[in-house]
Amino acid sequence: MNKKIAVIGGGNLGISITQGLIADGFVKPEKITVTRRRLHLLKELREKGVAVDKNNVNAVKNSDIIIMVIKPYQMKDVLEEIKPVIDPKRQIVISAVTGFSIDEMKEIVGEDIPVFRVMPNTAIAIRESMTCIATTNGTQDQIDTVTTIFDALGKSVVISEELMEAATVLGACGIAYSLRFIRAATQGGIEIGFDAKTAELIASQTVKGAANLLLVGGNHPEREIDKVTTPQGCTIVGLNEMEHRGFSSSLIKGIRASFNKIAKMIH
Ligand SMILES: NC(=O)C1=CN([C@@H]2O[C@H](COP(=O)(O)OP(=O)(O)OC[C@H]3O[C@@H](n4cnc5c(N)ncnc54)[C@H](O)[C@@H]3O)[C@@H](O)[C@H]2O)C=CC1
Ligand SMILES: O=C(O)[C@@H]1CCC=N1
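Residues numbered from 1 in each chain as written. Chains lettered and ligands numbered in written order. Predicted model: local features only at pLDDT ≥ 70, side-chain atom pairs only at ≥ 80, totals over all residues. Heavy atoms only, no water.

### Some thoughts on the site of ligand 2
Okay, step 1: Residues in close proximity to ligand 2 include Thr98, Thr168, Ala172 and Met265, which together make up its full environment.
Okay, step 2: For ligand 2, the protein covers 48% of the area, taking 240 Å² as the surface of the free molecule.
Okay, step 3: When its residues are assigned to classes, the shell around ligand 2 shows two nonpolar, two polar and no charged. (Near = heavy atom within 4 Å. Areas by Shrake-Rupley, 256 points an atom, 1.4 Å probe, with all protein chains shown as cover. Nonpolar A, V, L, I, M, F, W, Y, C, P; charged D, E, K, R; others polar.)

This is the structure we're talking about:
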């Protein structure tokens, strides 16, 4: 991709996005500028050729695409700071900031500037993100540009903005839920005989394989489960015991708890 990109906020997610963008040469490192106040924390990116800067205005002036990856409470000030140098004919603003609406952004930067909200997850660092994308004023060309970027960094789907909080929970928080599953499976694996490293490898690759049975194979999860559960076998016994103890229910309740929390965070 031949666009110049400013990543405003080089924290956890900003660094992950940048790592994903430069992986396999999708974007040349020198075409990206990452900003944050403590520049020494961006040393690794700088060593890979990414430009780093404390100055958001400079970064925005030199870019075609501006990706906001700061905390919600920092958005108003930073958008006001960069607004005078955003050119609506040439640039688009993409925000990964949780709970900051497109209307709130447009109120600050103006109606003319194409504004997108995206919700990726930290697997973007290895180009395996699930990214949900929403806009209310982006043209089809601009939607295609944003989709191209996030498809190169995993998979993407365009959704309506009302679903952004749900996307945050299922996709972004979902990384933590999935990793906790892998960690718990690893602990079980150690209890039944494996060393920690081997247990983690088996648990992780098994989850990856299970996910790919759906993503690549296209089947419903229960159909794939049916293939594993031999009648009177050990899988169904374990699976039913997990369900008796609230496995699916605890996941659904956890997702709802995160969703209720996010609603309180933004209103
Ligand atoms: N961590 C995650 O998995 C995800 C986070 N998000 C959202 O992304 C945003 C960033 O999250 P994190 O990266 O986890 O937070 P973070 O705190 O690690 O990163 C924010 C960065 O912005 C920098 N910053 C603060 N003020 C600035 C300014 N005036 N100019 C330039 N940089 C400035 C900070 O120094 C920090 O490095 C949040 O709104 C979060 O809700 C969205 C999806 C996933
Ligand atoms: O936990 C949080 O609030 C943020 C939003 C999505 C991932 N981390």
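Don't stop here, the text continues.
### Quick notes on the packing of helix 7 (residues 164-191) against helix 8 (residues 196-215)
Okay, step 1: One way to put it is that helix 7 packs onto helix 8 with a least axis distance of 8 Å and a crossing angle of 135 degrees. With respect to each other, helix 7 and helix 8 are oriented oblique. Seen along the crossing, helix 7 lies across helix 8 with a hand that is right-handed. In this structure, helix 7 contributes Phe181, Ile182, Ala185, Thr186, Gly189 and Ile190 to the contact, and helix 8 contributes Ala196, Ala199, Glu200, Ala203, Ser204 and Val207.
Okay, step 2: Residue composition of the contact of helix 7 with helix 8, grouped by class: eight nonpolar, three polar and one charged. (Axes fitted to C-alpha atoms, helices over the stretch in contact; angles between N-to-C directions. Helix = DSSP H or I, 4+ residues; strand = E, 2+ residues; numbered from the N terminus. Parallel < 35°, antiparallel > 145°, perpendicular 65-115°, else oblique. Left-handed = near helix turned anticlockwise from the far one by under 90°. Contact = heavy atoms within 4.5 Å.)

### Quick look at the UniProt feature "domain: Pyrroline-5-carboxylate reductase dimerisation" (unreviewed entry) in the protein
Okay, step 1: UniProt feature "domain: Pyrroline-5-carboxylate reductase dimerisation" (unreviewed entry): in the numbering of this structure it lies at residues 161-265.
Okay, step 2: The distance separating the terminal C-alpha atoms of residues 161-265 is 17 Å; by composition the span is 82% helix and 0% strand. (UniProt positions renumbered as here; feature names shortened; annotations may be inferred.)

### What to know about the domain arrangement of the protein
Okay, step 1: Partitioning the protein into structural domains gives domain 1 (5-159) and domain 2 (167-266).
Okay, step 2: Distance between the C-alpha centres of domain 1 and domain 2: 31 Å.
Okay, step 3: Opposite the ten residues of domain 1 that make contact, domain 2 presents eight residues.
Okay, step 4: Overall, the association of domain 1 and domain 2 removes approximately 640 Å² of surface from exposure, summing both partners, and the carbon and sulfur fraction of that is 80%. (Domains from an automatic or database assignment. Buried area = accessible area lost by both parts, 1.4 Å probe.)

### Re the packing of helix 4 (residues 72-82) against helix 5 (residues 102-109)
Helix packing geometry: the angle between the two helix axes and the distance between the axes.
Okay, step 1: The contact between helix 4 and helix 5 brings their axes to 9 Å, and the two run at 35 degrees. The crossing of helix 4 and helix 5 is right-handed. Facing Met75, Lys76, Leu79 and Glu80 of helix 4, the residues of helix 5 in contact are Met105, Ile108 and Val109.
Okay, step 2: Within the contact of helix 4 with helix 5, the residues separate by chemical class into five nonpolar, no polar and two charged.

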